[in-house]
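Per-entry structural report
One-letter residues, chain by chain:
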2 protein chains.
Amino acid sequence: MAAPIDFYFDFSSPYAYLASHLIEDMAAKHGRSVVWRPMLLGAALKVTGSPPIVKVPLKGDYAGHDLKRKARLHEIPFAMPPVFPIASHAPSRGFYWLKRHDGDLAVAYAKAAWKAFFVDGTDISDKDAAADIFATVDQALFALEKPLSREAFRESIDDEVVKGFLREATDRAIERGVFGAPFIIVDGEPFWGVESLPMVDTWLERGGW
Amino acid sequence: MAAPIDFYFDFSSPYAYLASHLIEDMAAKHGRSVVWRPMLLGAALKVTGSPPIVKVPLKGDYAGHDLKRKARLHEIPFAMPPVFPIASHAPSRGFYWLKRHDGDLAVAYAKAAWKAFFVDGTDISDKDAAADIFATVDQALFALEKPLSREAFRESIDDEVVKGFLREATDRAIERGVFGAPFIIVDGEPFWGVESLPMVDTWLERGGW
């Protein structure tokens, strides 16, 4: 079995959200799985000295238009959230806490959190909102000894050990050269941006060039 | 005949250079021509507050790798020039001076200048080098009353009227929202980056979506 694809993202990134709707089918086509790796993009932007794209003159307006256009093209439900950008600590920490219990459940949570943010407009930076979303995930689909509670999820967000998981995931991503979202690493080869997905597809097809 | 496609670029942009090898065939496929519009990207970067990509930590290294990878994928001759980035006033002014005589000759010059810079490593910011490149362009292919001299080209670079052409082209590009290179505008619809070319292709195919 070939190595999985690393999918780096920040829950606040709409381009990463769009990529999340496309990457799994593409990976599966090539017999690859996807490892979801939420991180704090702000830490990477500090290294590059870049503000969030929406705050950049000209580019911010372009991105707002381009996101809606790409969502329509790929038929992905999408609306810019009323509160944006957000600090994504809450869903990211919850994700890493869940991942210790069940990786697939963590991914199911990530999808639910993104739907809440980019479709329903919920501010997922709010710790209680992030936990409420977890309570809507159907845990019967996953191989857990017993269901995880909303309360345990909510507590994980303030847990020092869990905070460390997210810090470490972010540091490790930056060490690997991640400077934007989405960022995909395939067999050590880095690809930035949802626009790079067709190139990732070709890379997987040919095994590089 | 459908409206031509606007192709904005800075002679110093390697991503725009790669796009120049792909855009004309794509446009022709849809019965469109391409209007080449050199500009001073530095003025746009001043508006967005961005440094040139090669000077950005992490992103600069990525771009260096990505450019070589994309050049190999599309089989485009490419080597990062020893002097980079450059101020592109000389070839850009020469371009706009030529354009007043013959638009196709100006494009032929642009291609020659880019080959000199991104294949042969010539520093085309040098006014004499920019003029020497013009002297290598075969003018017999174009509908000129009489050939234009290397000396006239060289003088155009310091001509106040020609300087004004470039300033105006740059101002007008920024007014239209151009913040990076390559930047393509199709029937008013903006597309940034060589990675957007497949989306431009689909846009032309469908007439938007």
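Relevant structure appears above.
These remarks concern the structure in this document. This is a predicted model, so every value here is computed, not measured. (Residues numbered from 1 in each chain as written. Chains lettered and ligands numbered in written order. Predicted model: local features only at pLDDT ≥ 70, side-chain atom pairs only at ≥ 80, totals over all residues. Heavy atoms only, no water.)

**Some points on the pattern of salt bridges**
All names here are of chain A.
- In this structure the tally under the stated criterion is 36 salt bridges over all chains.
- The partner of aspartate 158 in a salt bridge is lysine 127, with the nearest N and O atoms 2.6 Å apart. Of the two residues, aspartate 158 sits in the loop between helix 8 (150–156) and helix 9 (160–175) while lysine 127 sits in helix 7 (residues 127–135), which places them 31 residues apart along the sequence.
- The partly exposed category is assigned to lysine 127, whose relative accessible area is 32%.
- Among the charged side chains, a salt-bridge network with shared partners connects Lys127, Asp128, Asp132, Arg150, Glu151, Arg154 and Asp158. (Salt bridge = Lys/Arg side-chain N within 4 Å of Asp/Glu carboxyl O. Helix = DSSP H or I, 4+ residues; strand = E, 2+ residues; numbered from the N terminus. Buried < 20%, exposed > 50% of the residue type's maximum accessible area, 1.4 Å probe, protein only.)

**Some details on the interface of chain B and chain A**
- Every contact between the two is made by 29 residues of chain B and, on the other side, 29 residues of chain A.
- Remark: the boundary between chain B and chain A carries two salt bridges.
- A salt bridge links Glu189(B) to Arg69(A), with the nearest nitrogen and oxygen atoms 2.9 Å apart.
- Between the two partners, chain B and chain A, sit twelve residue pairs in polar contact (both at pLDDT 80 or more).
- Among the secondary structure elements, those contributing two or more residues to the side of chain B that touches chain A are helix 3 (41–48), helix 4 (59–74), strand 4 (189–192) and helix 10 (197–206) of chain B.
- A per-element tally of the side of chain B that touches chain A places helix 4 of chain B first, with eight residues.
- For the side of chain B that touches chain A, a count of residues per class yields 16 nonpolar, five polar and eight charged. (Contact = heavy atoms within 4.5 Å. Polar contact = N/O pair within 3.5 Å; in protein donor to acceptor, adjacent residues only side chain to side chain. Nonpolar A, V, L, I, M, F, W, Y, C, P; charged D, E, K, R; others polar.)

**Observations concerning the packing of aromatic side chains**
Residues and elements named next belong to chain A.
- The final tally for this structure, using the stated rule, is 52 aromatic pairs over all chains.
- Residues phenylalanine 9 and tryptophan 114 carry aromatic rings whose centres are separated by 4.7 Å and whose planes lie at 45° to one another, so their mutual orientation is tilted. Taken together, the positions of phenylalanine 9 in strand 1 (residues 5–9) and tryptophan 114 in helix 6 (residues 103–118) put the pair 105 residues apart, joining distant regions of the chain.
- Given a relative accessible area of 0%, phenylalanine 9 falls into the buried group.
- An aromatic cluster is built from Phe7, Phe9, Phe11, Tyr17, Trp36, Phe78, Phe84, Trp114, Phe117 and Phe118, whose rings are joined through pairwise contacts. (Phe/Tyr/Trp six-rings, centres within 6.5 Å; stacked < 30°, edge-to-face > 60°.)

**Quick word on the relation of the copies chain B and chain A**
- Rotating chain B by 180° and moving it 0.0 Å along the rotation axis overlays it on chain A with an RMSD of 0.0 Å. Viewed as a symmetry operation, the transformation between the two copies matches a two-fold axis. Among all C-alpha atoms of chain B, that of Glu195(B) lies closest to the rotation axis, at 2.8 Å.
- A shared binding surface is used by both copies, with 100% of the interface residues of chain B retained as interface residues in chain A. (Least-squares fit on C-alpha atoms with pLDDT ≥ 70 in both.)

**A look at the side chain of Asp66(A)**
- Mapped onto the elements of the fold, Asp66(A) is located in helix 4 (residues 59–74).
- Residue class for Asp66(A) comes out buried when judged on its relative accessible area of 1%.
- Side chain to side chain, Asp66(A) and Tyr15(A) meet in a polar contact 2.6 Å long.
- Setting aside its immediate chain neighbours within four residues, Asp66(A) contacts Tyr15(A), Glu195(A) and Met199(B).

**A short note on the pairing of strand 3 (residues 183–186) of chain A**
Residue and element names in this part refer to chain A.
- Here strand 3 shows two buried faces, one formed by Phe183 and Ile185 and the other by Ile184 and Val186.
- As paired strands, strand 1 and strand 3 are joined by three bridges and run antiparallel to one another. From the neighbouring strand, aspartate 6 faces strand 3, where its bridge partner is isoleucine 185.
- Judged from the four bridges that link them, strand 3 and strand 4 (residues 189–192) form a sheet pairing that is antiparallel. (Pairing = 2+ DSSP bridges.)

**Thoughts on the side chain of Thr48(B)**
- Positionally, Thr48(B) belongs in helix 3.
- Take Thr48(B): its relative accessible area is 8%, and that puts it in the buried class.
- Looking at Thr48(B), its side chain comes within polar contact range of the side chain of Ser50(B), at 2.9 Å.
- Residues within four places of Thr48(B) in sequence aside, it is in contact with Val56(A), Pro57(A), Leu58(A) and Phe179(B).

Worth remembering: the numbers are spatial, not functional.
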